[in-house]
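The chain contents come next:
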Amino acid sequence: MSPSPSLSRAEPAPEAAGMPEQPGHDCPLCPRLVTYREANRAAQPAWWNAPVPSWGALDAELLIVGMAPGVKGANRTGRPFTGDFAGTLLYETLLKFGFATGHYGADPSDGLALHGCRIINAVRCVPPANLPQPVEVRSCNRFLRSELQAMRPLRAVLALGVLAHSAVLSACGIPLSRLRFRHGQILTLPDGLLLADSYHVSRYNTNTGRLTTAMFEKVVEALRGLLEQDPVAQMPLNQL
Ligand code: SF4
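One structure accompanies this document, and this report is about it.

Conventions we followed
Residues numbered from 1 in each chain as written. Predicted model: local features only at pLDDT ≥ 70, side-chain atom pairs only at ≥ 80, totals over all residues. Helix = DSSP H or I, 4+ residues; strand = E, 2+ residues; numbered from the N terminus. Contact = placed C-beta atoms within 7 Å. Near = placed C-beta within 6 Å. Nonpolar A, V, L, I, M, F, W, Y, C, P; charged D, E, K, R; others polar. Pairing = 2+ DSSP bridges. Axes fitted to C-alpha atoms, helices over the stretch in contact; angles between N-to-C directions. Buried ≥ 20, exposed ≤ 12 C-beta atoms within 10 Å, placed from the backbone. Parallel < 35°, antiparallel > 145°, perpendicular 65-115°, else oblique. Left-handed = near helix turned anticlockwise from the far one by under 90°.

**Structural notes on the overall build of the chain**
And step 1. The helix and strand tally for the chain stands at 7 helices and 7 strands.
And step 2. Within the chain, counting contacts between residues at least 6 apart in sequence, those at least 24 apart form 65% of the total.

Next up, the structure:
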């Protein structure tokens, strides 16, 4: 499966006013990930093999934050959560609750469209063994912070897993020890932004039963309900 022809491999242009900062195609900030990237480029030259850009409109009210691209998923296709197991549960759920239309076909050319949500990974480059190191999370946090600042209508963030939860707090300048991850909780951050937690939609979590389809749907359904309320009247839930 080849990368989408619509995805440019060129270095990004300098950010226009109000646009989030984007890593270059050859972002050098994480040496270990650069080495892995170059090995993947040599082994699989038709794959994306670069920082995976966020996907969805910048004026969306919901930002979904994953951990990092899967080597045969987003690292291959160039679209977040596309091409491996995790995308199936995520996109089928977004379709069910009106955050997407079309059909998820595990390929950037499948015609799937997002509505009112944008998707990003806390770490934009694929890590070996699917496990980013803390220094890599910190290095890539500048891009997540820039996304959060650029999404001015943003009202809610859905963090998929502990790493994403911590990365969002870091990007918001909130001490990690104050607000611990807990599946199903929806917190209100000091600036009024809602932060919802869910276990990651990974194959491991679903195979072990840590995250079921019903559990994930309950989180997304709650977010849908909150986003449909008047922002002034919106009340956070402590947990589902
Ligand atoms: S993970 Fe982020 S900071 Fe690190 S090399 Fe990739 S784009 Fe750059």
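**Some details on the site of the ligand**
And step 1. Neighbouring residues of the ligand: P23, C27, L29, C30, L33, P51, V123, R124, C125, E136, S139 and C140.
And step 2. With 3 residues, helix α4 (residues 134-150) is the largest single contributor of residues to the shell around the ligand.
And step 3. Taken together, the residues of the shell around the ligand break down into 9 nonpolar, 1 polar and 2 charged.

**A look at the sheet that holds strand β4 (residues 117-121)**
And step 1. Strand order in the open sheet formed by 5 strands is β4-β1-β5-β7-β6, with mixed pairing between adjacent strands. Bordering the open sheet on either side are β4 and β6 (186-188), each of which pairs with just one other strand. Averaged over all adjacent pairs, the angle separating strand axes in this sheet is 20°, with direction ignored.
And step 2. Here strand β1 (residues 62-66) runs beside β4; their pairing, made up of 5 bridges, is parallel. Counterpart to G66 in the pairing with β4 is N121.
And step 3. Those strands touched by helix α7 (residues 213-227) are β1, β5 (156-160), β6 and β7 (194-198), and its axis lies near 165° from that of β7.

**Quick look at the environment of Q149**
And step 1. Along the chain, Q149 turns up in helix α4.
And step 2. Q149 sits 131 residues away from G18 along the chain, and the two C-alpha atoms are 8.5 Å apart.

**Examining unusual backbone geometry**
And step 1. With a phi close to 60°, A106 is a non-glycine residue in the positive phi region.
And step 2. The residue A106 is located in the loop between β2 (100-101) and β3 (113-114) in this model.
And step 3. Residue classification places A106 among the partly exposed residues on the basis of 18 C-beta atoms within 10 Å.

**Overview of the packing of helix α3 (residues 85-96) against α7**
And step 1. As a packed pair, α3 and α7 sit with axes 10 Å apart at the nearest point and diverge in direction by 50°. Here α7 runs oblique to α3, going by the angle between their axes. Taken as a pair, α3 and α7 cross one another with a handedness that is right-handed. Residues L89, T93 and K96 of α3 pack against T213, F216, E217 and V220 of α7.

**Overview of the pairing of β5**
And step 1. Burial runs high along β5: 5 of the 5 residues are buried.
And step 2. Burial along β5 is two-sided: A156, L158 and L160 and V157 and A159, pointing in opposite directions, are all buried.
And step 3. As paired strands, β1 and β5 are joined by 4 bridges and run parallel to one another. Residue L62 lies in a different strand from β5, and its bridge partner there is A156.

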